[in-house]
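These are the residues of each chain, in order.
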Amino acid sequence: MTALVTGASSGIGRDIARELAARGIRLVISGRNEAALEELRKEIGENRVKIITADLSDKKECFRLYEEAKKYSPDILVNNAGFGLFGKFADTDLDTELKMIDVNIKAVHILAKLFLKDFREKNSGYILNVASAAGFMPGPYMATYYSTKNYIVRLTEALDRELKNEGSAVSVSAFCPGPVDTNFNSVAGVKFNLKGITSEAAAKYAVDGMFRRKVLIIPTITMKAAAVGAGLFPPSIVSWFAGHMQSRKGNVK
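The notes below deal with the structure included here. Keep in mind the model is a prediction, meaning the values are calculated, not measured.

Across its full length, the protein holds 9 helices and 9 strands. Within the protein, the proportion of its 253 residues that are buried is 52%. When contacts within the protein are restricted to residue pairs at least 6 apart in sequence, long-range pairs at least 24 apart make up 66% of them. Here the protein displays about 12,100 Å² of accessible surface, and carbon together with sulfur accounts for 53% of that area.

Structure below.
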């Protein structure tokens, strides 16, 4: 088997790549940081890994990545590339948010659609979209990020139903973790109050769930309870609670 992993230069993407490699799966890894990708390739084994650098905030780069990656006939797509931003919506930088939408939504959408067509033709394959527990609720002070992850969760659920209805053997999953100990915090400008799981543990849980064909992969009892609660309580209460938790991560006035 061969897997394409986006955002593989660090964090969950890097550790998902490691986890897949440990299971004997060949890799095509992508990201902007070529040096970090090359380091990962050497660690795993140069003959088992191909590198395609790409900036997925650019739509043309998404299509180029697909065209280059499909030469290796991937059986697995891991849509992992993404980032966050903390602050009041009225105050945060618009250009950064538009880039976030391009990476967190448009790139995921494009790659999922293109590879899904290929996977359906051969009636096999796995798509793992890395979302977040944030995808189950509104997120005051990280409004754009939460909204992008909601898109990924709902898209994944919809694709899963379409595939089941047509009797397809293709599997689509969304990985929805809470806090994970990666460099996400520094990029987003936040500090989590809940204890995060390690990136290695998150990666193993995600890959296990993908191969078990789970639609929503949610690690830890706390995050499972949060996802259930988000669906049970009125949106106003969920929004208040999420905003309260977010406001403790950084300085908002």
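All right, on to helix H4 (residues 94-122) then. For an α-helix the count is 3.6 residues per turn, leaving residues at separations of three or four pointing the same way. The end-to-end C-alpha separation of H4 is 41 Å, in line with the 42 Å expected for 29 residues at 1.5 Å each. The opening residue of H4 is Asp93, an N-cap whose side-chain oxygen sits 3.4 Å from the backbone nitrogen of Asp95. Remark: Asn123 follows H4 within two positions and exhibits a positive phi of approximately 55°.

All right, on to the sheet that holds strand S1 (residues 2-5) then. In space, the 7 strands of this open sheet follow the order S3-S2-S1-S4-S5-S6-S9, with parallel pairing throughout. Strands with a single pairing partner mark the edges of an open sheet, and in this sheet they are strand S3 (49-53) and strand S9 (216-217). Looking at chain direction, S1 and strand S2 (residues 26-31) are connected through 4 bridges and run parallel. Its bridge partner lying in S2, Thr2 is registered against Arg26. Of the strands in this sheet, S1, S2 and S3 are in contact with helix H3 (residues 59-69), which crosses S3 at around 160°.

A few words now on the packing of helix H1 (residues 11-22) against helix H2 (residues 34-44). Two elements in contact, H1 and H2, have axes separated by 11 Å at closest approach and are oriented at 20°. The pairing of H1 with H2 is recorded here as roughly parallel in orientation. For the pair H1 and H2, the crossing hand works out as right-handed. For the pair H1 and H2, the contacting residues are Arg14, Ala17, Arg18 and Ala21 in the first and Leu40, Glu43 and Ile44 in the second. When its residues are assigned to classes, the contact of H1 with H2 shows 4 nonpolar, no polar and 3 charged.

Right, let's talk about unusual backbone geometry for a bit. Positive phi is not limited to glycine here, since Tyr141 has a value of about 80°. Of note, Tyr141 is situated in the loop between strand S5 (126-130) and helix H5 (143-165). Assessed through its relative accessible area of 24%, Tyr141 is described here as partly exposed. In this structure, Arg213 takes a positive phi of about 65° despite not being glycine. Counting through the fold element by element, Arg213 comes out in the loop between helix H7 (199-211) and S9.

Right, let's get into the packing of aromatic side chains. Summed over the entire model, instances satisfying the criterion amount to 4 aromatic pairs. Look at Tyr66 and Phe115: their rings are 4.9 Å apart centre to centre, the planes differ by 80°, and that puts the pair in the edge-to-face class. Within this pair, whereas Tyr66 is found in helix H3, its partner Phe115 is found in helix H4, the two being separated by 49 residues in sequence. Phe115 carries the same exposure label as Tyr66, and that label is buried. In this structure an aromatic cluster arises from ring pairing among Tyr66, Phe115 and Phe119.

Scoring rules and cut-offs
- Residues numbered from 1 in each chain as written.
- Predicted model: local features only at pLDDT ≥ 70, side-chain atom pairs only at ≥ 80, totals over all residues.
- Heavy atoms only, no water.
- Helix = DSSP H or I, 4+ residues; strand = E, 2+ residues; numbered from the N terminus.
- Buried < 20%, exposed > 50% of the residue type's maximum accessible area, 1.4 Å probe, protein only.
- Contact = heavy atoms within 4.5 Å.
- Areas by Shrake-Rupley, 256 points an atom, 1.4 Å probe, with all protein chains shown as cover.
- Expected span 1.5 Å × (residues − 1).
- Polar contact = N/O pair within 3.5 Å; in protein donor to acceptor, adjacent residues only side chain to side chain.
- Pairing = 2+ DSSP bridges.
- Axes fitted to C-alpha atoms, helices over the stretch in contact; angles between N-to-C directions.
- Parallel < 35°, antiparallel > 145°, perpendicular 65-115°, else oblique.
- Left-handed = near helix turned anticlockwise from the far one by under 90°.
- Nonpolar A, V, L, I, M, F, W, Y, C, P; charged D, E, K, R; others polar.
- Phe/Tyr/Trp six-rings, centres within 6.5 Å; stacked < 30°, edge-to-face > 60°.

Limitation: the analysis is restricted to geometry and does not speak to function.
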